[in-house]
Amino acid sequence: MNRAGAAAITAGAVTGRRVVIVRVAIIAGILVGWEALSLSGLLFRDVVPSLTAIGRAAGRLLTDPDFYANLSVTVGEIGLGLLIGGVCGLATGILLGANRFLSRAYESLIYYLGPTPKIIFFPVMIMWFGVGSGSKIAMGVVSCFFPIAISAASGMRQIDRVLILVGRSFRATTWQMVSKIYLPAMRDPVVNGVRLGLGVAIIGTLLAETKLSNRGMGYLIIQAYSTFDMPKMYALLIVLFVLAIGANALIGRLSRTAARNRSA
Amino acid sequence: MSRAPLKPLLTSRIGARLIGAATVLALIGVVELAIRAGIVNRFIVPLPSEIMVAIPRIIVEENVLHRFWQTTQEVLWASLLLAAVGIPLGALLHRYRIVRLACETWVGALAAAPIVLMYPLFLVIFGRSATTIVMIGFAAGLAPVILKTLEGLAGTRQVLLDVGRSFKLTDSQQFWKILLPAALPSVFVGLKLGLIFAMINIVGVEFLINFGGLGQLINELAERYDLPGTYGAICFVILTSIVFFDTAERLERFLRPGE
Amino acid sequence: MIGESARPPAAATDVALSRDARLLDVERVSKRFVTNEGVITAVDDVSFSIAPGEFVSIIGPSGCGKSTLFNIVGGLVGDYEGRVTVAGDTVRGTHPAIGMVFQEESTFPWRTVVENVAFPLEVAGTSKEARVERAEHFVAMVGLSGFERRYPAELSGGMRQRVALARTLASEPRILLMDEPFAALDEQTRLLLGDRVLQIQQTLKQTTLLITHNLTEAVQLSDRVLVMTYRPGRLKRTVDIRLPHPRDSEVVSSDAFGHYVAEIWHDLREEASRGIIDDESRVLEGRARR
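Cut-offs and rules
- Residues numbered from 1 in each chain as written.
- Chains lettered and ligands numbered in written order.
- Predicted model: local features only at pLDDT ≥ 70, side-chain atom pairs only at ≥ 80, totals over all residues.
- Helix = DSSP H or I, 4+ residues; strand = E, 2+ residues; numbered from the N terminus.
- Buried ≥ 20, exposed ≤ 12 C-beta atoms within 10 Å, placed from the backbone.
- Contact = placed C-beta atoms within 7 Å.
- pLDDT = per-residue confidence, 0-100.
- Pairing = 2+ DSSP bridges.
- Nonpolar A, V, L, I, M, F, W, Y, C, P; charged D, E, K, R; others polar.
- Axes fitted to C-alpha atoms, helices over the stretch in contact; angles between N-to-C directions.
- Parallel < 35°, antiparallel > 145°, perpendicular 65-115°, else oblique.
- Left-handed = near helix turned anticlockwise from the far one by under 90°.
- Domains from an automatic or database assignment.
- Arc of directions from axis to C-beta.
- Core = buried A, V, L, I, M, F, W, Y, C linked by C-beta atoms within 7 Å.

1. As for the overall build of chain A
Next, step 1: A tally of regular secondary structure across chain A gives twelve helices and zero strands.
Next, step 2: Listing every helix and strand of chain A by position from the N terminus yields α-α-α-α-α-α-α-α-α-α-α-α.
Next, step 3: Seen along its three principal axes, the alpha-carbon backbone of chain A occupies a region of about 75 × 70 × 30 Å.
Next, step 4: Out of the 264 residues belonging to chain A, those deemed buried represent 38%.
Next, step 5: A separation of at least 24 residues holds for 76% of the contacts in chain A among residues at least 6 apart in sequence.

Okay, here's the thing in structure tokens:
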């Protein structure tokens, strides 16, 4: 390979290294700035705890069985909420996407109800499902139903008409059409809808827990707030964010574009 | 008289919408009857007719207009911050390629993160005040503004940049006369998304910390066990958010004709 | 512009103009790209000159490197061997004396026609009144009077290219460089627009270099046609077009025109065939598309 070729390859490697350096620099800058702010005492006591304090709180947290008990409650609530809301949303979306009349009649209802703050339904959910996990799961269901239904409906409409005709020409039953043609063809938009749904289900469930609960991650966060245990609150928030972002990324890998990028 | 002309009318856009609306109203009617008949507990679900009466009542008694204005103010402040901080940050990421390569995925992850859950933290830092609410709205809406600004700038067609280069534009001229105008439609979409996220989180936090405008109203009514009032306030807030969202959509379509 | 190593002397493929007669000088320009398949030579040792007021076309099959040459002469690409000079001044980056008209849609969608055309004047700092007046002059020159306040979205593709042309002309470049600006238009529109472009060129005595793959267009508009080979792109031959001025699109029906077209096609055909054969072997060998 001549010099021009070799030069191009080293240029790519240099950029990769520089990106790593920039990222490390940014993270280091944030950590240093944080520690400086913490030690300076500019903000009142413990609003910005030192990194070691947060680290210790995180360590205590991750070795505390009580934490894992609460975590599993939350994960269970979110999981169930996503399952129920997801199935309902998917079914509704497929129905709306398949039938133009139904879509015209009801889809704008769902579209406009989507971007509303679902947490305001919480008092109603408490009345209907009690103060326990039931109302939290209901919040999750209500939150994730809308983005999943909307993306399923638009996903249905994007399916190449030809594929549907092929299914019908082979006399496929409704269930076969759904499982063998509709769902595989809509995989990408539905995966995106589920990502969005997971995001809002997490928010809806956890906010409900912070408002009224005696179990779950949300409860732990509010408890840390009311006892002014800031290091613990930071630790909880960090764990929460890592899990949420991780779950989002995992679901994203299910999409076809992600699979294509991996094999490319 | 043949029935043929009836079908297209029923399945037309307007016909379908009317039928949809009619079925929803019918459903409400069924609920009303079910409650009156005692099938559904009226201490859990108040009569729809009571809810409808409650709405004008709370508008008058609870100073809804003032509360609406409070919420709107919070949303406006959050939007100002979003534009003043989000757009320059997006431009910065575009300008310095190495920073963009390093940070773009992080901002994307931020968009997926449940930022509003940090509200107890904001409470500690800013106290139980409008500032907390505005800051949460701002934090929740920031990521889409940055990402869409970046997308708009990066998506400028190369040929337009070549035209600028062929006229020997300076970097600054290239940015203000070509990049930014070309990116403007995308920037507006980002602001719309950011605004919507901000509004949702603002009303949510108002409810949670029992402070502010409309969100607080719902919380108050719920704590007073004013069932029809609570349901009525929820309906009112939903209506408001629909109007808000619809306006944002219309504005976007107005600014991007033909898309 | 990498330094020259010991190479065989340049092929004598173009009319040797005396130094004073040269406005644009392209000297032994070569450009190589590194791709997954190795090193590709897009342009190989190309030299030619253009005298003031001349209309020169470069024609070649797709893949012959003519767009690369366009980018090099225009100063959009810096990393090549050889040298390009304009009136003795070496081209390093885009040059104010060279005006470019691109193949793709290049009008600014957010500006009206007159605002688009006034753009170079605005950048140069001309006062608003003066630049609007100048811009309207060039808008009229391309035949779009009455459309000054319209937006590009309201115009047809051909009209938009006329706006792009007017905009470049408004910067009064010494050399007008065009890369297949009419490629997206139908044949009849092309002929008529070609007429207009030629009229403008003759009126302004604008030195012009046109990159094209269209035979008719090349012969219709040019004083000289340079034929390029398929990759690696070299100058295969020069054809002087001795058709009288003023010309209009009627000239396409003349005998002389037909002879010129035949002559150029004779050389071009071989190169175009090589391009097609290369495409086919790419598919068979599983190589990437060109």
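Anyway, onward from the coordinates.
2. Let's talk about the confidence of the model for chain C
Residues and elements named next belong to chain C.
Next, step 1: In the predicted model, chain C carries a mean pLDDT of 87, and 92% of its residues have values of at least 70.
Next, step 2: Low pLDDT, under 50, characterises residues 1-7; the predicted model gives this stretch five contacts beyond four residues in sequence or across chains.
Next, step 3: Scored as a whole, the predicted complex attains pTM 0.80, and scored at its interfaces, ipTM 0.83.

3. Focus on the sheet that holds strand 2 (residues 38-50) of chain C
Residues and elements named next belong to chain C.
Next, step 1: What the four strands build is an open sheet, ordered 2-1-4-5; its pairing is antiparallel. Two strands in the sheet have a free side with no partner beyond their single neighbour: strand 2 and strand 5 (89-90).
Next, step 2: Bridge count between strand 1 (residues 24-35) and strand 2: nine bridges; the pairing is antiparallel. Its bridge partner being in strand 2, Lys31 is matched across the sheet by Val43.

4. Some remarks on the interface of chain B and chain A
Next, step 1: Between chain B and chain A, the residue contacts involve 40 residues of the former and 41 residues of the latter.
Next, step 2: Those elements giving two or more residues to the side of chain B that touches chain A turn out to be helix 2 (13-36), helix 5 (97-112), helix 6 (119-126), helix 9 (171-209), helix 10 (214-223) and helix 11 (227-255) of chain B.
Next, step 3: Per-element tally for the side of chain B that touches chain A: the top contributor is helix 11 of chain B, with eight residues.
Next, step 4: Residues of the side of chain B that touches chain A, tallied by class, amount to 31 nonpolar, six polar and three charged.

5. Describing the interface of chain B and chain C
Much of the literature gives interface size as the accessible area that the parts lose upon coming together.
Next, step 1: Each side of the interface is counted separately: chain B has twelve residues, and chain C has 15 residues.
Next, step 2: Mapped by element, the contributors of at least two residues to the side of chain B that touches chain C are helix 8 (158-166) and helix 9 of chain B.
Next, step 3: Of the residues forming the side of chain B that touches chain C, the biggest block, six residues, is contributed by helix 8 of chain B.
Next, step 4: Tallied by class, residues from the side of chain B that touches chain C come to six nonpolar, three polar and three charged.

6. Quick word on the packing of helix 6 of chain B against helix 7 (residues 130-154) of chain B
All names here are of chain B.
Next, step 1: Where helix 6 contacts helix 7, the two axes come as close as 9 Å, and the packing angle between them is 135°. Compared by their axis directions, helix 6 and helix 7 come out oblique. Crossing of helix 6 over helix 7 shows right-handed handedness. Of the residues in helix 7, those touching helix 6 at Tyr119, Phe122, Leu123 and Phe126 are Thr131, Thr132, Met135 and Ile136.
Next, step 2: For the contact of helix 6 with helix 7, the per-class residue count stands at six nonpolar, two polar and no charged.

7. Quick notes on unusual backbone geometry
Residues and elements named next belong to chain C.
Next, step 1: The omega torsion across Arg231 and Pro232 is -5°, close enough to zero to call that bond cis.
Next, step 2: Residue position: Pro232 is located in the loop between strand 9 (224-228) and strand 10 (235-240).
Next, step 3: A cis amide bond links His245 to the next residue, Pro246, at an omega of -5°.
Next, step 4: Locating Pro246 in the fold gives a position in the loop between strand 10 and helix 8 (255-285).
Next, step 5: At Arg28, a residue that is not glycine, the phi angle is positive and equals roughly 45°.
Next, step 6: Its place among the elements puts Arg28 in strand 1.

8. Quick word on the environment of Gly82 of chain C
All names here are of chain C.
Next, step 1: By secondary structure assignment, the location of Gly82 is in strand 4 (residues 81-86).
Next, step 2: You can call Gly82 partly exposed: it has 19 C-beta atoms within 10 Å.
Next, step 3: Beyond its immediate stretch of four places on either side in the chain, Gly82 contacts Glu27, Arg28, Val29 and Ser30.

9. Re the domain arrangement of chain C
All names here are of chain C.
Next, step 1: Segmentation of chain C into domains returns domain 1 (19-97 + 176-285) and domain 2 (108-172).
Next, step 2: Here the C-alpha centre of domain 2 lies 26 Å away from the C-alpha centre of domain 1.
Next, step 3: Residue-level contacts link nine residues of domain 1 with eight residues of domain 2.
Next, step 4: The element best represented in the side of domain 1 that touches domain 2 is helix 6 (residues 187-204), accounting for four residues.

10. So, helix 6 of chain B
Side chains that are three or four residues apart share a direction in an α-helix, a result of its 3.6 residues per turn.
Next, step 1: All of the buried residues along helix 6 of chain B are Tyr119, Pro120 and Phe122 of chain B. With its buried residues spanning 160° around the axis, helix 6 of chain B presents them on a single face.
Next, step 2: Residues of helix 6 of chain B that are buried sit in contact with helix 10 (217-226) and helix 11 (230-252) of chain A together with helix 7 and helix 9 of chain B.

11. Some words on the nonpolar core
Next, step 1: Counting 198 residues, the largest nonpolar core has Ile136 and Ala198 of chain B together with Val117 and Ala166 of chain C as its most contacted members.
Next, step 2: The greatest single-element share of this core, amounting to 19 residues, is contributed by helix 9 of chain B.
Next, step 3: In contact with Val117 of chain C, not counting residues within four places along its chain, are Ala135, Phe138, Val139, Val163, Ala166, Arg167 and Ala170 of chain C.

12. Observations regarding the environment of Ile125 of chain B
Next, step 1: Mapped onto the secondary structure, Ile125 of chain B falls in helix 6.
Next, step 2: A sequence separation of 75 residues divides Ile125 of chain B from Ile200 of chain B, and the C-alpha atoms of the two residues are 21 Å apart.

13. Observations regarding the pairing of strand 10 of chain C
Residues and elements named next belong to chain C.
Next, step 1: In the sheet, strand 9 pairs with strand 10 via five bridges, with the strands oriented antiparallel. Residue pairing across strands places Val227 opposite Arg237, the latter belonging to strand 10.
Next, step 2: The antiparallel pairing of strand 9 with strand 10 creates a hairpin that spans six residues between the two strands.

14. A short note on the sheet that holds strand 8 (residues 207-212) of chain C
All names here are of chain C.
Next, step 1: Spatially, the six strands line up as an open sheet ordered 6-7-8-3-9-10, and their pairing is mixed. Single-partner strands in this sheet number two, and they are strand 6 (98-101) and strand 10. Averaged over all neighbouring strand pairs, the angle between strand axes comes to 15°, with direction disregarded.
Next, step 2: Two elements, strand 6 and strand 7 (residues 175-179), share four bridges in a ladder whose sense is parallel. Each bridged residue has a counterpart across the sheet, and for Val101 the counterpart in strand 7 is Met178.
Next, step 3: Relative to the sheet, helix 5 (residues 157-170) contacts strand 6 and strand 7, its axis offset from that of strand 6 by approximately 175°.

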